[in-house]
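Residue-level structural notes
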Amino acid sequence: MAEAKRDNLDNDYPMELQEVTKAVNRLSRISHDQKGRYRHANGRFSHRFKNSPRSNQCVIR
């Protein structure tokens, strides 16, 4: 899934596999959303971590 070229599976599967297809697509969407949240949180953390010592140095000087 991580290296997939598509975000979702097609709905061209037999009726017996439709629920499985929906579940896999839902799992893919949840995973993608979670990775986005982690990426955003890591960006915020790294920005705070990088800028915190600089702001402390300004206060000391």
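Before any of the text, the structure's been laid out above.
Structural notes, computed from the coordinates. (Residues numbered from 1 in each chain as written. Predicted model: local features only at pLDDT ≥ 70, side-chain atom pairs only at ≥ 80, totals over all residues. Heavy atoms only, no water.)

Now for the overall build of the chain. A count of helices and strands for the chain gives one helix and zero strands. The buried share among the 61 residues of the chain stands at 7%. Surface accessibility of the chain: about 6000 Å² in total, with carbon and sulfur atoms responsible for 55%. (Helix = DSSP H or I, 4+ residues; strand = E, 2+ residues; numbered from the N terminus. Buried < 20%, exposed > 50% of the residue type's maximum accessible area, 1.4 Å probe, protein only. Areas by Shrake-Rupley, 256 points an atom, 1.4 Å probe, with all protein chains shown as cover.)

Turning our eyes to something else, we now look at the pattern of salt bridges. Tallied over the entire structure, the rule returns one salt bridge. A salt bridge links Glu 19 to Lys 22; the shortest N-O distance between them is 3.7 Å. With Glu 19 and Lys 22 both in helix α1 (residues 18-60) and three residues apart, this pair spans about one turn of that helix. When its relative accessible area of 55% is taken as the criterion, Glu 19 is described as exposed. (Salt bridge = Lys/Arg side-chain N within 4 Å of Asp/Glu carboxyl O.)

Let us now look at the environment of Gln 18. The residue Gln 18 is located in helix α1 in this model. In terms of polar contacts, Gln 18 uses its side chain to reach the backbone carbonyl oxygen of Tyr 13, at 2.6 Å. (Polar contact = N/O pair within 3.5 Å; in protein donor to acceptor, adjacent residues only side chain to side chain.)

Taken together, the side chains of Tyr 13, Leu 17 and Val 20 make up a nonpolar region of the molecular surface, amounting to roughly 260 Å² of accessible area. Tracing the backbone shows Val 20 in helix α1. Its relative accessible area of 48% is what places Val 20 among the partly exposed residues. (Patch = residues over 30% accessible without salt bridge, like charges linked within 9 Å, V, L, I, M, F, W, Y side chains within 5 Å.)

None of the figures reported here should be taken as evidence of function without further support.
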